[in-house]
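Now for the letters of each chain:
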Amino acid sequence: MPAIPHLRLGVNIDHVATIRNARGGRHPDPVRAAKLAIAAGADGVTAHLREDRRHISDDDIARLKAEIAKPLNLEMAATAEMVAIALRTHPNAACLVPERRAERTTEGGLDVAGGRADLAPKIGELRGANIRVSLFIAADPSQIEAAAAVGAPVIEIHTGAWCHALADGNAGLADSEWRRIREGVRLAKSLGLEVHAGHGLDYASAETIAALPEIVELNIGHFLVGEAVFVGLDETIKTMRHAMMRGRARATAGENRP
Ligand code: PXP
């Protein structure tokens, strides 16, 4: 059996900026949180520069790129403005997400199948600058196939619907969403895509999904920052890493069902 790859943890620090912005000023500093996350075992840091700058600012992105010792994953809408910022800042990775101003968070996946003509040149520009591009999509076969066809090397599967079903105790929906994710990551891997996942993950769901050996990175924000209020970022991230390691051990044992 081929070796199961290490499962990376990307910590999304947007919510630290949300708290800072509630009062203006500089505290709490998302760059400090990013450094703490890395010290606690994060493999990288993710930040979403939204078009309305509601949390992360342009200056945060510049400071993250200059000051952190691990890869920066810039989450961004596929717009000319954001592509220009990415080309200037040169993050290690850019995750293209759909963005609607009225949404509370990134609510759905990118429509790659319908937006191919617009996405292809942007992906090309980012890749040309040696920025690793991922597309945040639902585990939908047509979107996964479109992501491979449009030239993205990486996809991030949107786990929100599965996580919400788990949180709501809707076992039937959770099971069907889980099967959609499991089939989707297998399809993606068979098409040569690198597979990441994220949205709504907590200790339990991260442990479960870590058992899918095709997935090599999880990006997690809301739960980690929320839990850090109670036990601190260091302990939260270490506990998350242990959950992911337990899940990965199940992958090694050949189990991948919750
Ligand atoms: N991945 C992507 C592409 C996202 O948009 C988000 C939310 O910003 C996350 C991961 C993290 O989701 P959560 O904050 O629910 O852990």
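Up top you'll find the structure we're talking about.
One structure accompanies this document, and this report is about it. Treat the numbers as computed from the prediction; the structure is a model and nothing was measured.

Digging into the packing of helix α2 (residues 30-40) against helix α11 (residues 233-252)
The contact between α2 and α11 brings their axes to 9 Å, and the two run at 45°. What the angle tells us is that α2 and α11 run oblique. The hand of the α2/α11 crossing is right-handed. Contact residues: α2 offers A33, L36, A37 and A40, while α11 offers L233, D234, I237 and K238. Broken down by class, the residue content of the contact of α2 with α11 amounts to six nonpolar, no polar and two charged.

Observations regarding the site of the ligand
Close contacts around the ligand come from 13 residues, with E75, E156, G200, G221 and H222 the closest. Contact distances for the ligand include 2.8 Å between an oxygen atom and a side-chain N or O atom of E75. E156 is positioned such that a nitrogen or oxygen atom in its side chain is 2.5 Å from a nitrogen atom of the ligand. When isolated, the ligand has an accessible area of 400 Å², and the protein chains bury 94% of it. At the level of secondary structure, the elements contributing two or more residues to the shell around the ligand comprise β4 (93-97) and β8 (215-220). By residue class, the composition of the shell around the ligand is four nonpolar, seven polar and two charged.

Describing the pattern of salt bridges
With the rule as written, the count across this model stands at 20 salt bridges. A salt bridge links E194 to R132; its shortest N-O distance comes to 2.5 Å. Taken together, the positions of E194 in strand β7 (residues 194-198) and R132 in strand β5 (residues 132-137) put the pair 62 residues apart, joining distant regions of the chain. Measuring nitrogen to oxygen at the nearest pair gives 3.5 Å for the salt bridge that ties E183 to R182. You can call E183 partly exposed: its relative accessible area is 42%.

Some details on the side chain of S134
Looking at the element boundaries, S134 is found in strand β5. Leaving out residues up to four positions away in the same chain, S134 has contacts with A94, C95, L96, V154 and I155.

A look at the sheet that holds β5
Reading around the barrel, the eight strands line up as β1-β2-β3-β4-β5-β6-β7-β8 and close back on themselves, with parallel pairing between neighbours. Adjacent strand axes in the sheet meet at a mean angle of 25° when their direction is disregarded. Bridge count between strand β6 (residues 154-158) and β7: five bridges; the pairing is parallel. Note on β7: the bridge partner recorded for I155 is V195.

Conventions and cut-offs
Residues numbered from 1 in each chain as written. Predicted model: local features only at pLDDT ≥ 70, side-chain atom pairs only at ≥ 80, totals over all residues. Heavy atoms only, no water. Axes fitted to C-alpha atoms, helices over the stretch in contact; angles between N-to-C directions. Helix = DSSP H or I, 4+ residues; strand = E, 2+ residues; numbered from the N terminus. Parallel < 35°, antiparallel > 145°, perpendicular 65-115°, else oblique. Left-handed = near helix turned anticlockwise from the far one by under 90°. Contact = heavy atoms within 4.5 Å. Nonpolar A, V, L, I, M, F, W, Y, C, P; charged D, E, K, R; others polar. Near = heavy atom within 4 Å. Polar contact = N/O pair within 3.5 Å; in protein donor to acceptor, adjacent residues only side chain to side chain. Areas by Shrake-Rupley, 256 points an atom, 1.4 Å probe, with all protein chains shown as cover. Salt bridge = Lys/Arg side-chain N within 4 Å of Asp/Glu carboxyl O. Buried < 20%, exposed > 50% of the residue type's maximum accessible area, 1.4 Å probe, protein only. Pairing = 2+ DSSP bridges.

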